[in-house]
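Examining the three-dimensional arrangement
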Amino acid sequence: MYRVIRTAAYEPDPAHGPWTEPLHVVRLEDELHKELLKVYDRTRNGEGPSRSLPLRRLDALLRAMAPGVLATARGAGGDGTMPWLYAREPVPREVVAPLVATWAAGMLRAHDDENEGDDLVPDTALDDLDRALGKLPRWERESVDLTETTTSLGGTAEPARRLFRLLPERIAFHLAQRPFRARGTELAFRVVTADHGTELVSWPPRQYVSKGKTWYYSALLTVTVQTVPFMARFRVHVSYGIRRWTTRFPAPSRGARGATVLLDSPLPWPDGPDRGHRLVTNAVGFDWRRGRLAWRGHSPALLISDLDIVHRYPEPAELCAKPEKWLAGAGGIMAGVVHSSAHGAHGVGPGLMPQERAELDEWVEEGLAPMFRRVPDLTRVTRRNIPALLSRQTTTEAPARETAATTARRGVLTGALSGGPLDVEVLWQSEETREALHTALSDVLGMPPGDRTGGPEDERWHWRGNGIDLRVRARSAGELVSSLEVSGDRRRRRAARLAEAVERRSALVADHLASPDGARGAAIIEIAGKDRFPDPDTDPKHALRIACARQERVSQFVNLPEDSAASLPHRARWAWLDTLRQLGAIEPPAHRAGDGIPADLQYAALWLVRHTRRGPTRSPARRLIAVRVRSDGGRSTVEGWNAERAAWVPYPDLLLSLVSEAALTEPATVEQHIRSVLFQLRDRPTLLLADVGNLRQGWPGLKHGNLARDRLSFGEGTAQRLALYGPDLRIVLTRDANGRDEVPEWYAHDGAGKAGFSQGVWGQDEPDRRVFVSTAEVPHTATLPKGLRKIVPSTAAGRTAPGKTAWNPAHLELTVLGCLTESALAGAGRPDVPADRPEEWATLAHQLRFHDDYPPLSRPLPLHLARLAGEYVLPLDTSTP
């Protein structure tokens, strides 16, 4: 068992002092900003003057083609006084002016194309552009502190705003100056500016030959700047992975997904300090108006060919038709199409194992010294890693443990049904799925096969006993699971067209599926995998969920046997377990966190559902979900807060109501509902769980700069004592990577060069620590050796190492924001109450990730239930088209 874990996180080294660099800065300035706005306003078809410039494509073009440009700042498009460009040396005007001119001309040309070639842009637009180019500002020399920090009132170090973009770029260029060496191989890296942080991609790509086919891949490092609650220094996180390159792009179509293209092109101007270190990010996708593949969004490839008349750059169709050719290079140009699941299978598996991650991390540590130092290793907080699980009772034989598990499931299901019957509709497409579901239900509940009556196309199953009355009707799904027919009339809103298709499917389901008569209802439906629907809007899954909810049935889906790699018995078992979960038939196992946890503790969890117009029904939504798990009379109940009824309702009733309830829209409304929920939890000791990455947009008080120990803040008000919201309230905030590397990657180590994984609760050795890390065990299916190396395979690993898929347990941050510490109790006038130990509450939240029926959850069980309830937030566009 490892005693420490190491995170791939770094902080400014106080022994070095500030990392100050002389940089050159350009601001748009008011005059240039106004002149460029005039040019941009020419393209807006009379929409009125704009206050902000669309600089993303120009920024990408400058990073790609102007040697020495280190970074571009966000916000400069709306404020000409803000720094815009940072460079290690001044970029000559004769370089910047053609780039700005090409960008502006591209806007005008795009406007002309969108208006089908009509000459709607007056000639005076060119005069505006000439005046703008004549007012290009001068570079200013500025000493920039790359470790500039302020400290919030709650004690959290916050880097200067510009460092979130500038520092990752500077670190990436710094690291790219030296190769990574391993086992006689050198890897050179290129810098890629990403939406969140900066990437380092090994270039040129490496090759892996398997079964006569060549696959291409690169090492991938991502650098981001992050904050951690109550920590005195901000962090730099570096994550490690594999970037895979596609050699086969699917045939273009209207529903096809786009792709990212990284372009390696020579600079048309003299050498600069960072020449040759960048790859330029572009996006390609199907342009339905032109009926062909085209560069999308802010892709600078649209403009690069106008600047470089020496080289020939590939058109999107040409690039996607022969991606392997451009990976090898043609005419001095290289390009790589980033692989995604939409491109089919790839011969190189994703992920890295801990030993190889440790090697890369050591290389990064050497490169960042002496400006940054590694964050100290984390040590164990407790040896009570798991709750009282039946599956871990080693003194009991396996058959006896399974009997105890099925007995427990039946008891929880009986309680969730309150003694009433359960009516389930099974809609199947394959007979083997029908049989697997029948067998799995008996196994999950530990009951002998029930009565089977009726014909093969319409069968009834009945289980009765142990307080359970379960009726199942199994029949062919037929046309209910066919693709949705969505109108192709693009003159109408996409959401409205999809809503019509959903309504038609709901009417069809209502004709075939009755509401349960005096029983709790559920449906298990076999559907095709999502990859069978090139246009995601035609996938019937969400329409079926809406239709079933209207028939008072929760719904669970299982894919066709040929559409899933997992075994059918395994998937059938999971279908029933997930159905039980939706019925509220689930309870957390008894904890082993410590004696300081109240016996009558209840759990509550908050989750904010946020859908944009790209959401499942193409309609925006914002909906707060609150779930409560408590034990009364020895029986656990799972409930949700129904805001319209101002009452706690059974979990399945919450799910069904979410389909039809109006969504919240304003953050203030979210905060109001949170306070209402807190008021309803005052009757007993409560542990409130919330995910920072999910909830901070609706509850700004959870942003790190607003956090204070044992206090809560809402709106513009100051943080107030936690006791004002409940005398026995505790709050634990969770945080995962959130798609932005907000928490660091990690690996356990023994101090002698061996790296691996370890389960537990970890923390830094410091007074009044509130931030902990929860790590779970590796699943039994993950059998790869921890020392497997894929980027530069070792001899022992063999030539097949790159083809392996590496899985790594996630890092879950647990912040004990509020508990009954001595100072909190004194402030509440309760000095005689025993004080809490934050470590015990972090351990409790960690143990809530474990359950006999599931592998370790990504979040504590109550928060897991709240998040999954969000699958029922499916608003439809009911407005007039």
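So, here is what we can say about the structure in this document.

Most of strand β22 (residues 422-428) is tucked away, with 7 of its 7 residues classed as buried. Of the two faces of β22, both are covered, the one formed by L422, V424, V426 and W428 as well as the one formed by D423, E425 and L427. Bridging between β22 and strand β25 (residues 468-476) involves 7 bridges; their strand directions are parallel. When the bridges of β25 are listed, V424 appears paired with V472. When β22 meets strand β26 (residues 520-527), the two strands line up parallel, connected through 6 bridges. Following the sheet pairing, V426 is matched in β26 by I524.

Turning our eyes to something else, we now look at the packing of helix α12 (residues 494-512) against helix α13 (residues 541-550). Packing of α12 against α13 brings their axes to within 9 Å, and their N-to-C directions diverge by 50°. Considering the angle they form, α12 stands oblique to α13. Where α12 crosses over α13, the two elements pack in a sense that is right-handed. For the pair α12 and α13, contact is made by V502, E503, R505, S506 and V509 and by A543, L544, I546, A547 and R550, respectively.

Another aspect to go through is the sheet that holds strand β4 (residues 69-72). With respect to topology, 4 strands assemble into an open sheet ordered β4-β5-β3-β6, the strand pairing being antiparallel. Strands with a single pairing partner mark the edges of an open sheet, and in this sheet they are β4 and β6 (140-145). Each strand axis lies, on average, 40° off the axis of its neighbour in the sheet, ignoring direction. When strand β3 (residues 20-27) meets strand β5 (residues 83-87), the two strands line up antiparallel, connected through 4 bridges. Residue pairing across strands places R27 opposite P83, the latter belonging to β5.

Moving on: unusual backbone geometry. Omega for the bond connecting W203 with P204 falls within 30 degrees of zero, at 0°, which places this linkage in the cis form. Positionally, P204 belongs in the loop between β12 (198-202) and β13 (206-210). Note that the residue after A369, namely P370, is joined by a cis bond; omega there is 5°. With respect to the element layout, P370 can be found in the loop between α9 (354-368) and β20 (372-374). Even without a glycine there, the phi angle at S418 is positive, about 55°. Of note in the backbone geometry, N738 takes a positive phi value of approximately 60° without being a glycine. Positionally, N738 belongs in the loop between β35 (729-735) and β36 (746-749).

Strand order in the open sheet made by the 4 strands is β18-β17-β16-β19, with antiparallel pairing throughout. Looking at strand neighbours, the two that pair on one side only are β18 (292-295) and β19 (334-337), the edges of this open sheet. Ignoring which end each strand starts from, the neighbouring axes of this sheet average 30° apart. Summarising the sheet, strand β17 (residues 280-287) and β18 pair through 4 bridges and their orientation is antiparallel. Residue V284 lies in a different strand from β18, and its bridge partner there is W295.

This part covers the packing of aromatic side chains. Throughout the structure, instances matching the rule amount to 11 aromatic pairs. Summarising the aromatic geometry, the rings of W574 and Y854 are spaced 5.1 Å apart at their centres and angled 55° between planes, so their arrangement reads as tilted. Taken together, the positions of W574 in helix α14 (residues 568-582) and Y854 in the loop between α19 (838-847) and α20 (861-869) put the pair 280 residues apart, joining distant regions of the chain. Exposure remark for W574: the relative accessible area of 23% places this residue in the partly exposed category. The interplanar angle of 55° and the centroid separation of 5.5 Å between the aromatic rings of F714 and Y725 together place this pair among those described as tilted.

In terms of residue burial, β17 counts as a mostly covered element, since 6 of its 8 residues are buried. Inspection of the sheet shows strand β16 (residues 259-264) paired to β17 by 5 bridges, in the antiparallel sense. Bridged to T260 within β17 is A283. Hairpin connection of β17 to β18: 4 residues between the antiparallel strands, including G291 at a positive phi of 70°.

Here is what the cut-offs are and how they apply
Starting from 1, residues in each chain are numbered consecutively following that chain's sequence as written. Only residues with pLDDT of at least 70 are given local features in this predicted model, and only at 80 or more are side-chain atom pairs given and counted; all residues enter the totals for whole chains, interfaces and linings. Hydrogens and waters are ignored; side-chain quantities use all the structure's heavy atoms. Buried, partly exposed and exposed residues are distinguished by accessible area as a fraction of the type maximum, computed with a 1.4 Å probe on protein chains only: under 20%, between the cut-offs, and over 50%, respectively. The helix and strand labels rest on DSSP assignments: H or I over at least four residues marks a helix, E over at least two residues marks a strand, and numbering proceeds from the N terminus. Paired strands, in this sense, are two strands between which DSSP finds at least two bridges. Between N-to-C directions, angles cover 0 to 180 degrees, with each direction set by a line fitted to C-alpha atoms, over the stretch in contact for helices. Comment on the angle field: the value is read as roughly parallel under 35 degrees, roughly antiparallel over 145, roughly perpendicular from 65 to 115, and oblique elsewhere. In a left-handed crossing the near helix is turned counterclockwise from the far helix by less than a right angle, and in a right-handed crossing that turn is clockwise. The contact rule is simple, with two residues in contact once any of their heavy atoms fall within 4.5 Å. Pairs were defined over the aromatic rings of Phe, Tyr and Trp, the Trp ring being its six-membered one, requiring ring centres within 6.5 Å. Orientation was assigned from the angle between planes: stacked under 30 degrees, edge-to-face over 60, tilted for the rest.

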